[in-house]
Every structure is written in C-alpha cells, then in structure tokens.
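Secondary and tertiary structure notes
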Amino acid sequence: MIAPTADTPIPAAQIDYVALSPLLVVAGFAVLGLVLEAALPRRRRFLVQAVVTAVGLVIALVASVMVYLDLPDVAEAERVARGAVEAEGAVTVDGPGVLTWIVLVVFALLSLGLFAERRFEAGLSPFTGRAADVPGSREESEAVTHRLEHTEVFPLVLFALSGMMLFATANDLITMFVALEVLSLPLYVLCAVARRRRLISQEAALKYFLLGAFSSVFFLYGAALAYGYAGSLNLTLIDEAVTARSDSGGLLLVAMAMIAVGLLFKIGAVPFHAWTPDVYQGAPTPVTAFMAAATKAAAFVALMRVFFVAFGGASWDWRPTIWVVAVLTMVFGSIVAIAQTDVKRMLAYSSIAHAGFLLVGFSAAYLGVADGLSVTSVSSVLFYLFVYGVATIGAFAIVTVVRDSAGETTHLARWAGLGRQSPWLAGAFTLFMLSFAGIPLTAGFIGKWGVFAAAWAGGTWPLVVIGVLASALAAYFYVRVVVLMFFTEPVGDGPAVAAPGVLTTVVIALAAIATVVLGIVPGPMLDVVQHAGAFVR
C-alpha cells in the first residue's frame, strides 16, 4: 500500500445537493432563526421568527415534492423501489424517505399554527417568558408584566424537524444516531418551557431527557455490536453480512435487540412507554401535538429502514419479538386509557395503542410484489402515520381551546356538556375520536384496514385478530368522551371555551377536512404511498 503524499489528490465527496435540498433548507432556516434571535430587538422577534419559520417550511415542502417527483426507478427483483443512496452512502433519498419528509413538514406547518397562537394568554404565546426563572418567583412575575416571550422555540422546532428528516433517511447507524440526538435535544428543551404549570412541564422534560438519554445509549451500543458483527455501520453492508452468515449470530441478536430498544422508545411501545403519559401531559400542548405526530412518524420509518434493509435477512429472528411487543402495546394502551381522567393522558395512552397497531403492519414484514399494487407494510404504515398525525394535531388543537382563567382544563369532568357550549368544537373532537377508533368513513378506518391487510398478507393473521379486538376495546374510551360531551349534564356553568384564534381555527379545520376526505376518498393518497415503493438498499 502506497502511503499518501502531499501530491496525492484527495477525492471530493460526491453530494447531490438538489436531492438533499429539503433537509438543507430546514437546517439552514434553523440556523437563520438563531441569527435573527441574536440580531433582532425582542419586541420584533416573535412575528419575524414565526414568518421566517413558515417560509422555510413552505420552501422545504415544495422542494420535497419536487425531489419526490424526480426520483429514479430502481430495478430490484420482486421489489419496486425509487430513489438513490446519496451523501457518500450516509443518506438514502428514496420514495418512503422523501414521502416521510413531506409528511413531517406538513405536521410542522400544522403545529406551527399552534406555536404561533397568541390569543389565549392575553396576547402572549403558550411558552414561558424566561425559562430560567423559578416558577412562582418575583422574576417570573416581572417577565409576565414585561410581556416577555421565548421566541427560540421556532428555530428549535426547525432543528428538531431536521433531525427527524435525517433520522428517517439515514443509511448508516452513526448518521442515524446523530439524527436521533438532533431531533431529541430540542424536544427536551421545548417540553420544559410551558407558560402554565411550569413545575409539571419541567418534570416532564427531565423525565424525557433521562429516559431518552438512556435509550440512546442502548441504540449506540447496539450500533457498536452491529459494527463488530458486520465490520460496517452502513445498512446495506450490514445486510450483506447478515445474508451471508453461517451461524446463529449471537452478537447479531444482541445488536438487533439493543437497536430495537432505542427505536421502540421513540415510538412509545410497551415496555418502553413510561415517559409518554407524563411528557404528553406536562409539555406545552403545541409541543405535545408536534411530538406525538412527527416523532412517531420519523421513528417508525427509521425502525422499518433498519429492520427491513439491514436486518431483513434475519427477519425470523426479530419478528416474533416484535409480535409480542405489538400485542402488549395494543392491549396495554387500550386498557389503561379507559381509566384516564385527563384528556392529554388519555391521548397519550391512545398514542401507545396506535403504536401497537402500527407495529402489526410493520411486524408482517410484507414487501408486496413487483407490480407495486399490493398493500405493503411500508405503504400501509406511511398512510396510517399521516392520518393518525393529522387527527392527533387536530385533537390537541382543541385541547388548547377548552380552558378557564387557570389555563387549559384537561380533566375530563370539565368537558361534560361541551357539545352544548361549542357544538363545532365538540363535533370536530368527536370526528377525531371516531377516526382514532377506526370507524368507517373516517381516515382512521382506512389506516387500520391498511396495516391489518398488510399483516394478513404477510401471514400474521393472529395479530390481526388481536388488533381488531383491541380496536373494539379502544373504541369504548373514545365513545365515552363523545357521550360526555353531548349526553352528560355539565358541572356548574359547564366547560369554559375560549374563542379560538385564526391560526388554531385553521389547524382544526384542515385536520377535520383531511380526516373526512381521506376516509371517504382515500384512493389518491393510497396511490401516492404505493407509488413510493420499497426502501432502496
């Protein structure tokens, strides 16, 4: 081997910046937000940051659609795939990945409407004025008096979004770990800056941080073991080593288990769900909405990419474990949600149950056939993630509106009679609950049909049966909320409902329209997710 000299040219990295443009746009506008935070006077920051964030998201959405339409077809046996491996093998810009970018940016745009809403807190945002002030202190009162606001939340959202986008398309485990940290760290901060109930908010952030750091260690250790087994962190090269193995691969099994722990934590699957109800309840509701929809989508796509691409050759080693996790998650989330008396905690356990339903579609590991017309695990999960995320953001948007002088009234007893007080809000919340339950003519029904159909085609019909039973069980607590709002006598003067601002109204309306349209006319969206194809190796 010839040692490099001063005259030896170093080959330049081959990077297709156009293909990576959506990711670069989001990261670039996040950095721009930091510059604006330092350069602008405090009184002008909020409006400028909100507008700049919205512009960045719109540009990223347009760029993602253009990249998706320009993806090349990849000829692979028995699989339909579109896209290519970019950034020297670090990122895969393929159909499922770019479609996830589009979904994540849509979620961020909807959530931005809740972040920028200033109608409910006397013209202030839902975030504390100075996070460093002790709750209940004189300094905190001064911050409220001087109408201070934390406008750093906007670049933090963009940083988290950039991490999610990279997480969903990373093609090696070290890039995926970096993306995991980039998406997680801003969320830890965002969870701690609620304007109301700050102690609960800070407690939620601390729990999320400690457990999140613990799960990240599992993921990183699993990546190290995978490197020890395959000699590479690249998902394609790991797949080659797994396919060519001649032994049972004890090191491989431990690596898969460790990586699964880190990823299952992010989706809130049992038994890695403990953080979910406390964080959902304590975090500012706009943050909860964004996190519940976007983090779950990014983590599920990353989970599918790792186990379909890198560990696909060992599917019969990991599928039985995922079956058990799916059953536990569906059943546990559905049962425990029944006992909840807080709306946000109920939605948290609902989120856990939905993670179980998604795992049913994933655990089938069904890739479809070469004509691309069959419902596959990837396409069904992508559709489910979108319809679930839209309904979730809409539901949390309504939670921000039901409030009194002390802030949001999340105790279910305070929601009695909401149908009389505000029929359109109660009607929209009912629509989202019915979609969560999988009632026909809602998008949630089509989503559940998709993951169950993929699981049935993949041969895991017992999971489908358990999933249907768990759905029936979950329908109980969804219908209970509907009965409470429309058929229960209100306590005292009934629930207090603040007049929603324009931004919140638009978010609720768009979420409701999407839930109805995708339930009645799901064909175009199903065609899109089918057209995305499989993961590029």
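Predicted, not measured: the structure shown is a model, and the values here were computed from it. Just so you know, the residues in each chain are numbered from 1, in the order the chain's sequence is written. The predicted origin of the model limits local features to residues at a pLDDT of at least 70 and limits the giving and counting of side-chain atom pairs to 80 or more, whereas totals for whole chains, interfaces and linings rest on all residues. Hydrogens and water molecules were not included; the side-chain quantities draw on all heavy atoms of the structure.

A run of DSSP states H or I qualifies as a helix once it reaches four residues; a run of E qualifies as a strand once it reaches two. Both are numbered from the N-terminal end. The helix and strand inventory of the chain stands at 20 helices and five strands. For the radius of gyration, the atom set is restricted to C-alpha positions; the globular benchmark scales as 2.2 Å times the number of residues to the power 0.38. A globule of 537 residues ought to have a C-alpha radius of gyration of about 24 Å, and the chain, at 23 Å, matches this closely. Each principal axis of the C-alpha atoms in the chain carries an extent, and together these give about 80 × 60 × 40 Å. Relative accessible area decides the class of each residue, using a 1.4 Å probe on protein chains only: under 20% of the type maximum gives buried, over 50% gives exposed, and in between gives partly exposed. When burial is assessed residue by residue, the chain has 59% of its 537 residues classed as buried. It only takes one pair of heavy atoms within 4.5 Å for two residues to be counted as in contact. Residue pairs at least 24 apart in sequence account for 80% of intrachain contacts in the chain once pairs closer than 6 positions are excluded. Calculation of accessible area relied on Shrake-Rupley with a 1.4 Å probe; when residues are assessed, cover is drawn exclusively from the protein chains displayed. Accessible surface, the chain as shown: approximately 20300 Å² in total, 70% of it carbon and sulfur. Across the chain, the 29 positively charged side chains and the 33 negatively charged ones have centroids separated by 11 Å. A residue counts as positive if it is Lys or Arg and as negative if it is Asp or Glu; His and the chain ends are not included. Taken as the charge centre is NZ of Lys, CZ of Arg, CG of Asp or CD of Glu, depending on the residue.

A separate point is the environment of Arg197. Within the secondary structure, Arg197 is located in the loop between helix H6 (173-191) and helix H7 (198-230). Residue class for Arg197 comes out partly exposed when judged on its relative accessible area of 44%. Residues Arg197 and Ala406 lie 209 residues apart in sequence; the distance between their C-alpha atoms is 9.2 Å. Look past the residues within four positions of Arg197 in its chain and what remains in contact with it is Glu408 and Thr410.

Let's shift gears to the confidence of the model for the chain. Per residue, pLDDT captures the predictor's confidence, and it can take any value from 0 to 100. With 92% of its residues at a pLDDT of at least 70, the chain reaches an overall mean of 88. pLDDT under 50 marks residues 369-373. Its contacts with residues more than four places away, or in other chains, come to nine contacts.

In this section: the side chain of Ser162. Turning to its location among the elements, Ser162 is positioned in helix H5 (residues 153-169). Assessed through its relative accessible area of 8%, Ser162 is described here as buried. With residues near it in sequence (within four places) discarded, Ser162 still touches Leu23, Val26, Ala27 and Val182.

For the rest of this paragraph, the subject is helix H9 (residues 250-267). Each residue after the first adds 1.5 Å to the expected span of a helix. A rise of 1.5 Å per residue sets the reference length of H9, with its 18 residues, at 26 Å; its end C-alpha atoms lie 26 Å apart and thus fit the reference within 8%. Burial within H9 is extensive, with 13 of its 18 residues counted as buried. Among the residues trailing H9, Gly268 stands out with phi positive, at a value near 75°.

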